[in-house]
Amino acid sequence: DTAVSQTPKYLVTQMGNDKSIKCEQNLGHDTMYWYKQDSKKFLKIMFSYNNKELIINETVPNRFSPKSPDKAHLNLHINSLELGDSAVYFCASSQDLRVADTQYFGPGTRLTVL
Amino acid sequence: EDKVVQSPLSLVVHEGDTVTLNCSYEVTNFRSLLWYKQEKKAPTFLFMLTSSGIEKKSGRLSSILDKKELFSILNITATQTGDSAVYLCAVEASTGTASKLTFGTGTRLQVTL
């Protein structure tokens, strides 16, 4: 069973479009995250949610809107996609607000904006 | 702003060599330092270090933290081609009731035959 799953794995779209990436975890964790990894492999946190509540919101354009319908799901919606949004987006989850060694990453979604 | 710097950026070694990867950091409210291995997909957890001077070891990999000098090293002995990957260092910092990870840019290790 996949612990943290994301869909889709690949997403190719045109500039200006709106797209969503879905994430689900079956670990019973309370906290979920979105990270962005650019072409140089630099991994940076975007958001974290704990029990559906937004905890961390880094300096991310407001075109990015996370939504957590329940604590097992954290989706990422992106409006008006730009070329610079091309990256791999990783979802992750951890037992609680303490990240540490309980954080598991999903397989990533490679987003390409043309 | 929290900062994590890894060196070298990339490294090519022959199978059987020993390598040392470096990670230095400047973080407010330090909690722990973590090492990850990233091959083609998601980062996978290797070690978490919280105390200075205590070596964590797993097979041919080991790591140690120096909280006074604000750095950590990851050693890999008798390298194998399967060790080829990007190694990421991350520092966990407290943000009140929560914490967050700040990652370095990674060291790309290539092990050749």
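Residues numbered from 1 in each chain as written. Chains lettered and ligands numbered in written order. Predicted model: local features only at pLDDT ≥ 70, side-chain atom pairs only at ≥ 80, totals over all residues. Heavy atoms only, no water.

A. Just the interface of chain A and chain B, in detail. Between chain A and chain B, the contact holds 22 residues from the first and 26 residues from the second. On the chain A side of the interface with chain B, the three residues burying the most area are Lys41(A), Arg98(A) and Phe105(A), jointly 28% of the side's total. Across the contact surface, chain A and chain B share 1 salt bridge. Glu58(A) serves as the salt-bridge partner of Lys100(B), at 3.0 Å between the closest nitrogen and oxygen. There are 2 residue pairs in polar contact (both at pLDDT 80 or more) connecting chain A and chain B. (Contact = heavy atoms within 4.5 Å. Buried area = accessible area lost by both parts, 1.4 Å probe. Salt bridge = Lys/Arg side-chain N within 4 Å of Asp/Glu carboxyl O. Polar contact = N/O pair within 3.5 Å; in protein donor to acceptor, adjacent residues only side chain to side chain.)

B. Fine view of the layout of surface pockets. Approximately 360 Å³ is the volume attributed to the largest pocket. Those elements giving two or more residues to the lining of the largest pocket turn out to be strand E9 (87-94) and strand E11 (109-113) of chain A. Classifying every residue of the lining of the largest pocket gives 6 nonpolar, 6 polar and 6 charged. Around the second largest pocket, the lining is made up of 15 residues, and of these Phe42(A), Lys44(A), Glu1(B), Asp2(B) and Thr102(B) lie nearest the centre. Split by residue class, the lining of the second largest pocket holds 6 nonpolar, 3 polar and 6 charged. (1 Å grid on protein atoms, 1.4 Å probe; cavity = no way out; pocket = protein on both sides within 12 Å on 5 of 7 lines; lining within 4 Å. Points joined across faces, edges and corners; volume = space filled by probe spheres on them. Helix = DSSP H or I, 4+ residues; strand = E, 2+ residues; numbered from the N terminus. Nonpolar A, V, L, I, M, F, W, Y, C, P; charged D, E, K, R; others polar.)

C. Highlighting the nonpolar core. Tyr25(B), Leu33(B), Trp35(B), Tyr87(B) and Leu109(B) are the most contacted members of the largest nonpolar core, which totals 22 residues. Mapped onto this core, the elements with two or more residues apiece are strand E3 (19-26), strand E4 (30-38), strand E5 (44-49), strand E7 (61-66), strand E8 (71-76), strand E9 (85-95) and strand E11 (107-112) of chain B. Broken down by element, the residue count for this core peaks at 5 residues, all from E9(B). In this structure, Tyr25(B) is in contact with Lys3(B), Val4(B), Phe30(B), Leu33(B), Leu65(B), Asp66(B), Lys67(B), Leu70(B), Phe71(B) and Val91(B), ignoring residues within four places of it in sequence. If you look at the next biggest cluster of nonpolar residues, it comprises 20 residues, including Leu11(A), Ile78(A), Leu81(A) and Val113(A). (Core = buried A, V, L, I, M, F, W, Y, C linked by side-chain atoms within 4.5 Å. Buried < 20%, exposed > 50% of the residue type's maximum accessible area, 1.4 Å probe, protein only.)

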